[in-house]
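# Structural characterization, general
Take a look at the letters that make up each chain.
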Amino acid sequence: MEKQAKLKAEALRELRQRESVPILDELRSYLAGLEAQMLPKSPLGTAVGYAQRRWAALNVYVTDGRRNIDNNPAERAMRPVAVGRKNWLFVQQLQGGRRMATILSLVAAAEEIGVNPVVYLRDVLQRIGREPDVSKLTPHGWREHFEAEVEARRANATRQLLGQ
């Protein structure tokens, strides 16, 4: 799996080098031409300066196929936090806020690696007093050690409910 992901990332890097680098070079030339025509403090001059100061960061995605061209995944991960922010003003106690942050971190980590957070949390809450190795209860550890077992139990229960 890791080798396949590496090959995919390398192919994506090559595609970006072939397709994106010429466009980025053209954009950089265009920005340099605009900069010569604009006052630095004008709105357009400020925008051109901003782009040029961040040019290296803009080009990172063409050097590594594992990188995203934008930060949309991070923005999507933060959306539930932004939506719930006003509700969490009423957590009542500092410890409750810390617990909420911990749970949200576990949910986000589970979602990031493709684990169903509801299934994960339900199973971890049942194992938490019996499992001595807490690293197995993290989303990554749980996926490695328990996910197959839990999915097999769920599939078996579904078959029994359907009478198969």
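Model, not experiment: these values are computed from the prediction.

### Some details on the side chain of Ser20
Tracing the chain through its elements places Ser20 in helix H1 (residues 2–37). Among all residues touching Ser20, those that are not within four sequence positions of it are Leu15, Tyr61 and Val62.

### Describing the packing of aromatic side chains
Applying the stated criterion to the full structure yields one aromatic pair. Against the face of Phe146 rests Arg127, its NZ or CZ located 3.8 Å from the ring centre.

### Quick notes on the side chain of Asp64
Within the secondary structure, Asp64 sits in the loop between helix H3 (55–59) and helix H4 (72–84). Reaching out from Asp64, the side chain makes a polar contact with the side chain of Arg66 at a distance of 2.8 Å. Filtering out sequence-adjacent residues up to four positions away, Asp64 remains in contact with Arg13 and Arg16.

### Here we look at H4
Look at H4: 19 Å from first C-alpha to last across 13 residues, which is about the 18 Å you get at 1.5 Å a residue. Of all bends in H4, the biggest is about 35°, found at Met78, and the proline Pro80 comes one to four residues later.

### Re helix H6 (residues 117–127)
Three or more residues of H6 are buried, namely Pro117, Val119, Tyr120, Asp123, Val124 and Arg127. Each buried residue of H6 sits inside an arc of 160° when the element is viewed along its axis, so together they form one side. Opposite the packed face of H6, turned more than 90 degrees from it, sit the exposed residues Arg122 and Leu125. For H6, the N-terminal cap is Asn116; the gap from its side-chain oxygen to the backbone nitrogen of Val118 is 2.9 Å.

### Digging into the packing of helix H5 (residues 94–112) against H6
Interhelical geometry of H5 versus H6 gives an angle of 125° and a closest axis separation of 9 Å. It follows from the interaxial angle that H5 and H6 lie oblique. Relative to H6, H5 is oriented so that their crossing is right-handed. Contact with H5, carried on its side by Leu106, Val107, Ala110 and Glu111, involves Pro117, Tyr120 and Leu121 of H6 and no other residues of that element. Of the residues contributing to the contact of H5 with H6, the split by class is six nonpolar, no polar and one charged.

### As for the confidence of the model for the chain
Interpretation of the predicted coordinates at a detailed level should be avoided for regions scoring low in pLDDT. On average, residues of the chain carry a pLDDT of 89, and 97% of them reach 70 or more. Per-element confidence in the chain is highest for helix H7 (residues 139–145), whose mean pLDDT is 96, and lowest for H4, whose mean pLDDT is 80.

### Quick word on the nonpolar core
Residues Ala110, Ile113, Val115, Val119, Tyr120, Val124, Leu137, Trp142, Phe146 and Val150 constitute the largest nonpolar core, which totals ten residues. It is H6 that provides the largest number of residues to this core, a total of three residues. Here Leu137 is in contact with Tyr120, Val124, Arg127, Ile128, Glu131 and Phe146, once residues within four sequence places are set aside. Listed in part, the seven residues of the second largest apolar core include Leu24, Leu31, Val48 and Trp55.

What counts, and at which threshold
- Residues numbered from 1 in each chain as written.
- Predicted model: local features only at pLDDT ≥ 70, side-chain atom pairs only at ≥ 80, totals over all residues.
- Heavy atoms only, no water.
- Helix = DSSP H or I, 4+ residues; strand = E, 2+ residues; numbered from the N terminus.
- Contact = heavy atoms within 4.5 Å.
- Phe/Tyr/Trp six-rings, centres within 6.5 Å; stacked < 30°, edge-to-face > 60°.
- Lys NZ or Arg CZ within 6 Å of the ring centre and 35° of its normal.
- Polar contact = N/O pair within 3.5 Å; in protein donor to acceptor, adjacent residues only side chain to side chain.
- Expected span 1.5 Å × (residues − 1).
- Bend = angle between axes of the 7 residues up to and from the residue.
- Buried < 20%, exposed > 50% of the residue type's maximum accessible area, 1.4 Å probe, protein only.
- Arc of directions from axis to C-beta.
- Axes fitted to C-alpha atoms, helices over the stretch in contact; angles between N-to-C directions.
- Parallel < 35°, antiparallel > 145°, perpendicular 65-115°, else oblique.
- Left-handed = near helix turned anticlockwise from the far one by under 90°.
- Nonpolar A, V, L, I, M, F, W, Y, C, P; charged D, E, K, R; others polar.
- pLDDT = per-residue confidence, 0-100.
- Core = buried A, V, L, I, M, F, W, Y, C linked by side-chain atoms within 4.5 Å.

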